[in-house]
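If you want the building blocks of each chain, they are given just below.
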Amino acid sequence: MKTISNLFGEFVKLAGKTKLPDNPIVAGAWISGNTKYDLDAIPIVANLATGFVLWWRATKRSIWRLNPKTADKLRTVNLGFIPEDPPESWTGQTMVIEAVNGTLFRDVFSMMAYKVMANAGHERYFLCMLTIDGNASVSSIRADALKIDTGKMLDMGYMRIAADFSGDSREEYLERSLDGIKFLFATSYYALEERRVEIKDRGGPIQRNQRGKPIKKNGKVLFQWQYLDMDIRPAPSPHYETGRPIDKENLLLEPVIVSPYIRMMKGKAIIVDAHHSHRWKRDGEVAAKIRL
């Protein structure tokens, strides 16, 4: 299975053959037009290539990698907003995330998002996802959408790279896209929290000169990009005070567990860990999980 970083390796060779246009969308179209992929794959390749151009022009390029345990935890994070500006963990208006083993969520194992001024004259986030069965998708949402809203998603359809068409319905497509956006920004914000995550720099493809020799600076080998492995640190066990339920007009105070979530406060994203809380319920009623 090809990852997005595998495709970026192919794009690097093409980008080195000519001076790309300044506009990243035009540059991405040129790269996709000079790849070996067939016409059916060109739309998804063009979006991947546009994100690559933005990423490649950055001074420091990163590919974020997640193990299954970290991916499992990030899938539980609730997020209901779209930031107008990408988090600082992004590279050149882009974020690339790949699974070390298994998948990130659903059947997606490699994904990339980028922000660009669209042809319609407003900034949009574009989300590209690759699945373990060889399918790919592109979805897009306005950067000023503020709240996650299925009605504002631009359905660009599923397009294949090297496998058969996936056949998702529109509803399934939108659900997958929303899951992707939530997972994307959950990863992006957790990557900035040193006390919550451990990040290991694994190096990357070595930069080489025309004779194939590694390029060094201050005695150290330079890499085309860095693979960053992110592990979520174990969180302290949720704690709450125990005691007799409070009986208030036939209501009982029931403990519930709130899933982790991210909220925006005074222009800054705040991560709230999973924790115990309480809700009033009628006697005999099944306690429901708090939804935020």
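Residues numbered from 1 in each chain as written. Predicted model: local features only at pLDDT ≥ 70, side-chain atom pairs only at ≥ 80, totals over all residues. Heavy atoms only, no water.

Visitor: Pulling in residues and values, what's your account of the pattern of salt bridges?
Guide: Taken as a whole, this structure holds eleven salt bridges when the rule is applied. Residue Glu123 pairs with Lys115 through a salt bridge whose shortest N-O separation is 3.2 Å. We classify Glu123 as partly exposed; its relative accessible area is 35%. Of the residues examined, Lys115 reaches a relative accessible area of 4% and is grouped as buried. Between Arg196 and Glu193 there is a salt bridge, with its nearest N and O atoms 2.9 Å apart. A network of salt bridges, in which partner residues are shared, links Arg65, Arg202 and Asp229. (Salt bridge = Lys/Arg side-chain N within 4 Å of Asp/Glu carboxyl O. Buried < 20%, exposed > 50% of the residue type's maximum accessible area, 1.4 Å probe, protein only.)

Visitor: Give me the packing of helix α4 (residues 68-75) against helix α5 (residues 170-190): which residues, what numbers.
Guide: Closest axis-to-axis distance for the α4/α5 pair is 9 Å, and the angle between their directions is 110°. Looking at the two axes, α4 sits roughly perpendicular to α5. When the axes of α4 and α5 are compared, the crossing they make is right-handed. Residues Ala71, Leu74 and Arg75 of α4 form the contact with α5, whose participating residues are Phe183, Ala186, Thr187 and Tyr190. Here the contact of α4 with α5 is built from residues that sort into five nonpolar, one polar and one charged. (Axes fitted to C-alpha atoms, helices over the stretch in contact; angles between N-to-C directions. Helix = DSSP H or I, 4+ residues; strand = E, 2+ residues; numbered from the N terminus. Parallel < 35°, antiparallel > 145°, perpendicular 65-115°, else oblique. Left-handed = near helix turned anticlockwise from the far one by under 90°. Contact = heavy atoms within 4.5 Å. Nonpolar A, V, L, I, M, F, W, Y, C, P; charged D, E, K, R; others polar.)

Visitor: Describe empty space enclosed by the protein, naming the residues involved and giving the relevant values.
Guide: On inspection of all chains with the given rule, the structure shows one cavity of 30 Å³ or more. The space that makes up the largest cavity amounts to roughly 50 Å³. What lines the largest cavity is Ala113, Tyr125, Phe126, Leu127, Ser139, Ser140, Ile141, Ile181, Leu184 and Phe185. Where the lining of the largest cavity is concerned, the elements lending two or more residues are β5 (123-131), β6 (135-142) and α5. Taken together, the residues of the lining of the largest cavity break down into eight nonpolar, two polar and no charged. (1 Å grid on protein atoms, 1.4 Å probe; cavity = no way out; pocket = protein on both sides within 12 Å on 5 of 7 lines; lining within 4 Å. Points joined across faces, edges and corners; volume = space filled by probe spheres on them.)

Visitor: So what's going on with the packing of helix α1 (residues 4-15) against helix α3 (residues 42-56)? Which residues, and what values?
Guide: Packing of α1 against α3 brings their axes to within 10 Å, and their N-to-C directions diverge by 75°. In terms of orientation, α1 lies roughly perpendicular with respect to α3. Residues Ile4, Leu7, Phe8, Phe11, Val12 and Ala15 of α1 pack against Val45, Leu48, Ala49, Phe52, Trp55 and Trp56 of α3. Its residues assigned to classes, the contact of α1 with α3 shows twelve nonpolar, no polar and no charged.

Visitor: Residues and numbers for the environment of Arg195, please.
Guide: Relative to the assigned elements, Arg195 resides in the loop between α5 and β8 (197-201). Placed 38 residues apart in sequence, Arg195 and Arg233 show a C-alpha to C-alpha distance of 7.7 Å.

Visitor: Can you explain α4? Please cite residues and give values.
Guide: For α4, the full list of buried residues reads Thr70, Ala71 and Leu74. The buried residues of α4 occupy one face: seen down the axis, they fall within an arc of 100°. The inward-facing, buried residues of α4 contact β1 (62-66), α5 and β11 (226-232). (Arc of directions from axis to C-beta.)

Visitor: Quick one: what's the story with the confidence of the model for the chain, residue by residue and with numbers?
Guide: This prediction gives the chain a mean pLDDT of 81; 77% of its residues lie at or above 70. Within the chain, the element-level pLDDT minimum falls on strand β7 (residues 154-160), averaging 41, and the maximum on strand β3 (residues 94-99), averaging 98. Here residues 238-247 is a poorly scored stretch, pLDDT under 50, and it has 13 contacts once near neighbours within four places are set aside; other chains count. (pLDDT = per-residue confidence, 0-100.)

Visitor: Before we move on, can you summarise the environment of Ser32 with the specific residues and values?
Guide: Mapped onto the elements, Ser32 comes out in helix α2 (residues 24-33). Residue Ser32 is classed as buried on the basis of its relative accessible area, which comes to 3%. Look past the residues within four positions of Ser32 in its chain and what remains in contact with it is Ile42, Val45, Ala46 and Ala49.

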